[in-house]
Amino acid sequence: MILRDPFRPLLAACAAAAAVAPDIKVLEGRVVSGDQFVSPAEQKERILATFGDLCCEMEGCTIAQAAYLNGVPLVVVRANSDKPCAEGQVVDYNTFEKKAACDCARIAARMVKL
């Protein structure tokens, strides 16, 4: 009997994202969830030291929990807008939003084709 890894197609689809959005990072690992924006670098470092995560988000946790409880493989594709920045460094949200929307649309279209 050959056991099939249910995550392999999902991970392959994520890796294919690099072909349509080469300037973004595709990472595999732990994502933590919380109820607040993570902004100060100290807050980011504390969360990283505690959980060893790649990022913190607020929306995917409930979907991930439901998938886990039902034995359904899940992959989360994230575009993080609230990255902790160096002091004085500002990320313009409107610029980020337009680019992230285009990147996510291209990635989703590519994932559906696979």
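**Quick word on the pattern of salt bridges**
On inspection of all chains with the given rule, the structure shows 4 salt bridges. Its salt-bridge partner being Lys-99, residue Asp-23 comes within 2.7 Å of it at the nearest N-O pair. Separated by 76 residues along the polypeptide, Asp-23 in the loop between helix H1 (8-20) and strand E1 (31-33) and Lys-99 in helix H4 (residues 93-113) bring together distant segments of the chain. Taking relative accessible area as the criterion, Asp-23 reaches 52% and is therefore assigned exposed. Residue class for Lys-99 comes out partly exposed when judged on its relative accessible area of 39%. A salt bridge links Asp-103 to Arg-106; the shortest N-O distance between them is 2.6 Å. Taken together, the positions of Asp-103 and Arg-106, both in helix H4 and 3 residues apart, correspond to about one turn of that helix. Asp-103 sits in the buried class, given a relative accessible area of 7%. Given the relative accessible area of 38%, Arg-106 is considered partly exposed. A cluster of three or more residues bridged by salt bridges with shared partners is formed by Asp-23, Lys-99, Asp-103 and Arg-106.

**Re the environment of Ile-24**
Inspection of the secondary structure puts Ile-24 in the loop between H1 and E1. Considered as a pair, Ile-24 and Asp-103 are 79 residues apart in the sequence and their alpha carbons are 8.6 Å apart. Here Ile-24 is in contact with Lys-99, Asp-103 and Ile-107, once residues within four sequence places are set aside.

**As for the side chain of Asp-103**
Separated by 2.6 Å, the side chains of Asp-103 and Arg-106 make a polar contact. Ignoring anything within four residues of it in the chain, the contact list for Asp-103 reads Ala-21 and Ile-24.

**Concerning the environment of Pro-22**
Checked against the element boundaries, Pro-22 lands in the loop between H1 and E1. Between the C-alpha atom of Pro-22 and that of Asp-103, which follows or precedes it by 81 residues, the distance is 9.7 Å.

**Examining the confidence of the model for the protein**
Residues at a pLDDT of 70 or more form 84% of the protein, whose mean pLDDT is 77. Averaged pLDDT values for the elements of the protein fall to 76 in H1 and rise to 88 in helix H3 (residues 61-69).

**Section: the nonpolar core**
Residues Ala-13, Cys-14, Ala-17, Ala-21, Ile-107 and Met-111 constitute the largest nonpolar core, which totals 6 residues. Counting only elements with at least two residues in this core, the list comes to H1 and H4. Among the elements that take part in this core, H1 stands out by supplying 3 residues, more than any other. Excluding residues within four positions of it along the chain, Ala-21 makes contact with Asp-103, Arg-106 and Ile-107.

Each value, and the rule that gives it
Per chain, the residues get numbers from 1 upward, laid out in the order the sequence is written. Predicted model: local features are reported for residues with pLDDT of at least 70 only, side-chain atom pairs are reported and counted for 80 or more only, and whole-chain, interface and lining totals are derived from all residues. Note that the side-chain values use all heavy atoms of the structure and ignore hydrogens as well as water. In the sections that follow, a salt bridge refers to a side-chain nitrogen of Lys or Arg positioned within 4 Å of a carboxyl oxygen of Asp or Glu. Strands are runs of DSSP state E lasting at least 2 residues, helices are runs of H or I lasting at least 4, and numbering of each runs from the N terminus. Whether a residue is buried, partly exposed or exposed follows from its accessible area with a 1.4 Å probe, protein chains only, as a fraction of its type maximum: under 20%, in between, or over 50%, in that order. Any two residues having at least one pair of non-hydrogen atoms within 4.5 Å are treated as being in contact. N or O atoms closer than or at 3.5 Å make up a polar contact, with two conditions inside protein: a donor-capable atom paired with an acceptor-capable one, and, for residues adjacent in sequence, both atoms drawn from side chains. As a per-residue quantity, pLDDT reports the predictor's confidence and falls between 0 and 100. To qualify as a nonpolar core, a set must consist of buried Ala, Val, Leu, Ile, Met, Phe, Trp, Tyr and Cys residues joined through side-chain atoms within 4.5 Å.

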